[in-house]
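One letter stands for each residue in the lines below.
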Amino acid sequence: MPLTKTNGTITPSPHLPFGDQQTAPWYGKDILSVSQFSRSDLTYIFEVAHEMREMVARIGAFDLLKGKILANLFYEPSTRTSSSFTAAMERLGGSVIPINEVRYSSVSKGESLPDTVRTLECYADVIVLRHPEVGASALAAKYARKPIINAGDGIGEHPTQALLDLFTIFEELGTVDGLTVTMLGDLKYGRTVHSLARLLSLYDVKINYVAPPIVAMPREIIAEIDRKGIPQAEFTTLDRPLPETDVLYVTRIQKERFSDPDEYESVKGSYVITPATLQAAKQDMIVMHPLPRVGEISMDVDDDPRAAYFRQMEYGLFVRMALLAMVLGKA
Ligand code: CP
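Within any chain, residue numbers begin from 1 and follow the written order of that chain's sequence. pLDDT decides what is reported in this predicted model: residues at 70 or higher carry local features, side-chain atom pairs at 80 or more are listed and counted, and totals for whole chains, interfaces and linings draw on all residues regardless. Derived side-chain values reflect all non-hydrogen atoms in the structure, with water molecules and hydrogen atoms excluded from consideration.

**Student:** Can you help me understand helix H7 (residues 219-227) in this one?
**Tutor:** Since there are 3.6 residues in each turn of an α-helix, residues three or four apart along the chain are aligned in direction. Burial status follows relative accessibility: with a 1.4 Å probe on protein chains alone, a residue under 20% of its type maximum counts as buried, one over 50% as exposed, and anything between as partly exposed. Secondary structure is summarised from DSSP: a helix means a run of H or I of at least four residues, a strand means a run of E of at least two, and numbering begins at the N terminus for each. Within H7, the full set of buried residues consists of Ile221, Ile222 and Ile225. Angularly, the buried residues of H7 cover 100° about the axis, an arc narrow enough to put them on a single face. Residues Glu220, Asp226 and Arg227 are exposed on H7 and point more than 90 degrees away from its buried face. Looking at the residues trailing H7, positive phi occurs at Gly229, about 80°. This arc describes the spread of directions from the helix axis toward the C-beta atoms.

What follows is the structure in structure tokens.
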């Protein structure tokens, strides 16, 4: 085996198939949480992602990961994360084992998550995992010898989404320092905003939270960001924070996470961004959304140049190409 992990520490074998993998800083590592990343790590990832963007524009696909195999293991629905990891692997010359519907796998016979990842790593070099339970990726990583990439663990984290969100801000606005980021919608169950707030706290930003009280940003995340000295403010309506906002990050109310349907009904449709809403916003701000949307941004906003959410999906391809190349020792 070219790679062994012991208690989360990677020990590259002396019999690696490629010459310089041991020196690659992310070779063989799991990507489980944004708390793994320093500001200089992010600079490095975004440089690689930017190079991937240019390579895709110039030549479309290339053989950096030829012969490598990704297992895409999704216990929850996904369109963007699953297909962008597939596209990323294929554009790098590798191939994919898609398990996008676990009920057709041996999971439906009762196979545990540890056994499932131990199976897939016999065939694949890296596993991308989405799972409904917080901590599932960390559990999988404990048992797997190959790198695990967290593609969303319940209401916990979605680190690759936060990385692509931050990359979007850099590519669109040129900087993160000095910006005011306003997060809107379901901040309690939205794992993307949990990860993004933590990553933003590495920069000189102000963060506003706009949400109905029952889906407000969790207190422990606000306290964690506060300890980094980041100014934060909470609102229930967008009118006050919007004029100072550089990035409006809109999220869907996550119906599937509510145990009480009446609670969902009480907050659904709380916010809808329309062209009229954006009249009060800066001309050089951007509107982001991890998608899917279910009505919180009206389709008439899509043609506004500030609507960055479709470009954001494309940036995700380049970030995921960078991450795969990194953990497989090729960046
Ligand atoms: N943003 C995101 O995670 O989308 P999917 O659920 O479609 O993967």
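**Student:** Explain the layout of surface pockets to me, please; I cannot follow it from the model alone.
**Tutor:** Sizing a probe to match a water molecule and rolling it over the atoms shows the empty space that remains. Residues are called lining when one of their atoms sits within 4 Å of a cavity or pocket point, these points coming from a 1 Å grid over the protein atoms alone, where a cavity is a set in which a 1.4 Å probe fits but cannot get out and a pocket is an open set with protein on both sides within 12 Å along at least five of seven lines. Grid points are joined across faces, edges and corners, and a volume is the space filled by probe spheres set on the points. Here the largest pocket is characterised by a volume of approximately 440 Å³. Lining the largest pocket are 21 residues, with Arg130, Arg191, Arg252, Leu291 and Pro292 sitting closest to its centre. Of all the secondary structure elements, the ones that give two or more residues to the lining of the largest pocket are helix H2 (80-91) and helix H6 (191-200). Basically, the charged four are Asp, Glu, Lys and Arg, the nonpolar ten are Ala, Val, Leu, Ile, Met, Phe, Trp, Tyr, Cys and Pro, and anything else, Gly included, counts as polar. Partitioned by chemical class, the residues of the lining of the largest pocket number 4 nonpolar, 10 polar and 7 charged.

**Student:** Where do I start with unusual backbone geometry in this structure?
**Tutor:** Peptide bonds are mostly trans, and most non-glycine residues show a negative phi. The omega torsion across Leu291 and Pro292 is 10°, close enough to zero to call that bond cis. Tracing the backbone shows Pro292 in the loop between strand E11 (286-288) and helix H10 (309-327). Of note, Leu291 is a non-glycine position whose phi angle comes to about 60°, a positive value. Mapped onto the elements, Leu291 comes out in the loop between E11 and H10. Take Leu291: its relative accessible area is 12%, and that puts it in the buried class.

**Student:** Help me understand the environment of Leu164 in this model?
**Tutor:** Examined against the element boundaries, Leu164 turns out to sit in helix H5 (residues 159-173). Linking Leu164 and Leu32, residues 132 residues apart in sequence, is a C-alpha distance of 15 Å. Between two residues, a contact is recorded if the distance between any of their heavy atoms is within 4.5 Å. In contact with Leu164, not counting residues within four places along its chain, are Gln312, Gly316, Val319 and Arg320.

**Student:** What is the right way to read the packing of H5 against H6 from this model?
**Tutor:** Two quantities define a packed helix pair, namely the angle between the axes and the distance from one axis to the other. Think of each axis as a best-fit line through the C-alpha atoms, taken over the contacting stretch in the case of a helix, with angles from 0 to 180 degrees between the N-to-C directions. Look at H5 against H6: their axes get within 8 Å of each other, and the N-to-C directions meet at 55°. Here H6 runs oblique to H5, going by the angle between their axes. When the axes of H5 and H6 are compared, the crossing they make is right-handed. Residue-level inspection shows Pro159, Gln161, Ala162, Leu163, Asp165 and Leu166 of H5 in contact with H6, the latter providing Thr192, Ser195, Leu196, Leu199 and Leu200. Looking at the contact of H5 with H6, its residues break down into 7 nonpolar, 3 polar and 1 charged. Any angle from 65 to 115 degrees is called roughly perpendicular, while one under 35 is roughly parallel, one over 145 is roughly antiparallel, and all others are oblique. Crossing handedness: left-handed means the near helix sits turned counterclockwise from the far one by under a right angle, and right-handed means the same turn made clockwise.

**Student:** I would appreciate a short explanation of H5 in the present structure.
**Tutor:** Expected span of a helix: the number of residues minus one, times 1.5 Å. Helix length check: H5 (15 residues) gives 21 Å between terminal C-alpha atoms against 21 Å at 1.5 Å per residue, within 8%. Within H5, 11 of the 15 residues are buried, leaving the element largely enclosed by the surrounding structure. Burial in H5 covers these residues: Pro159, Thr160, Gln161, Ala162, Leu163, Leu164, Asp165, Leu166, Phe167, Thr168 and Ile169. Immediately downstream of H5, the backbone of Gly174 shows phi near 85°, a positive value.

**Student:** Explain the sheet that holds strand E3 (residues 69-74) to me, please; I cannot follow it from the model alone.
**Tutor:** Paired through backbone hydrogen bonds, the strands of a sheet run either parallel or antiparallel to each other. Two strands are counted as paired when DSSP detects at least two bridges linking them. Reading across from one edge, E4-E3-E5-E6 is the order of the 4 strands in this open sheet, with parallel pairing throughout. With partners counted over all chains shown, the strands left at the sheet margins are strand E4 (95-99) and strand E6 (148-153), one partner each. Neighbouring strand axes in the sheet, compared pairwise and without regard to direction, differ in orientation by 15° on average. Pairing of strand E5 (residues 126-131) with E6, which is carried by 4 bridges, proceeds in the parallel orientation. Among the inter-strand pairings, Ile127 is bridged to a residue of E6, identified as Ile148. Packing of helix H3 (residues 113-120) onto the sheet brings it into contact with E3, E4, E5 and E6, and relative to E3 it is tilted by some 160°.

**Student:** Quick question: what am I supposed to make of the packing of aromatic side chains here?
**Tutor:** Describing an aromatic ring pair means giving the distance of the ring centres and the angle of the ring planes. Any pair of Phe, Tyr and Trp rings, taking the six-membered ring for Trp, is counted once the centres come within 6.5 Å. Such a pair is stacked with planes under 30 degrees apart, edge-to-face with planes over 60 apart, and tilted for the rest. One pass over the structure, following the stated rule, counts 8 aromatic pairs. On the basis of an interplanar angle of 65° and a centroid distance of 5.0 Å, the ring pair of Tyr189 and Phe258 is categorised as edge-to-face. Of this pair, Tyr189 sits in the loop between strand E7 (180-184) and H6 while Phe258 sits in the loop between strand E10 (247-250) and helix H8 (261-267), placing them 69 residues apart in sequence. Judged by relative accessible area, Tyr189 falls into the buried class, the value being 10%. On the basis of an interplanar angle of 70° and a centroid distance of 5.1 Å, the ring pair of Tyr309 and Phe310 is categorised as edge-to-face. Taken together through their ring pairs, the aromatic side chains of Phe46, Phe167, Phe170, Tyr203 and Tyr315 make up a single cluster. Each ring is checked for a lysine NZ or an arginine CZ that lies within 6 Å of its centre and within 35 degrees of its normal; such an atom marks a charge sitting over the ring. A cation over a ring is seen here: Lys29 above Trp26, with NZ or CZ 5.3 Å from the ring centre.

**Student:** I'm lost on the pattern of salt bridges in this one. Help?
**Tutor:** Think of it this way: side chains of opposite charge can pair up when their charged atoms draw near. One speaks of a salt bridge when a side-chain nitrogen belonging to Lys or Arg is within 4 Å of a carboxyl oxygen belonging to Asp or Glu. Under the counting rule described, the total for this entry stands at 17 salt bridges. Note that Arg257 is salt-bridged to Glu76, the shortest N-O span being 3.0 Å. Taken together, the positions of Arg257 in the loop between E10 and H8 and Glu76 in the loop between E3 and H2 put the pair 181 residues apart, joining distant regions of the chain. Since its relative accessible area comes to 13%, Glu76 is described here as buried. Linking Glu172 and Arg311 is a salt bridge whose minimum nitrogen-to-oxygen distance equals 2.7 Å.

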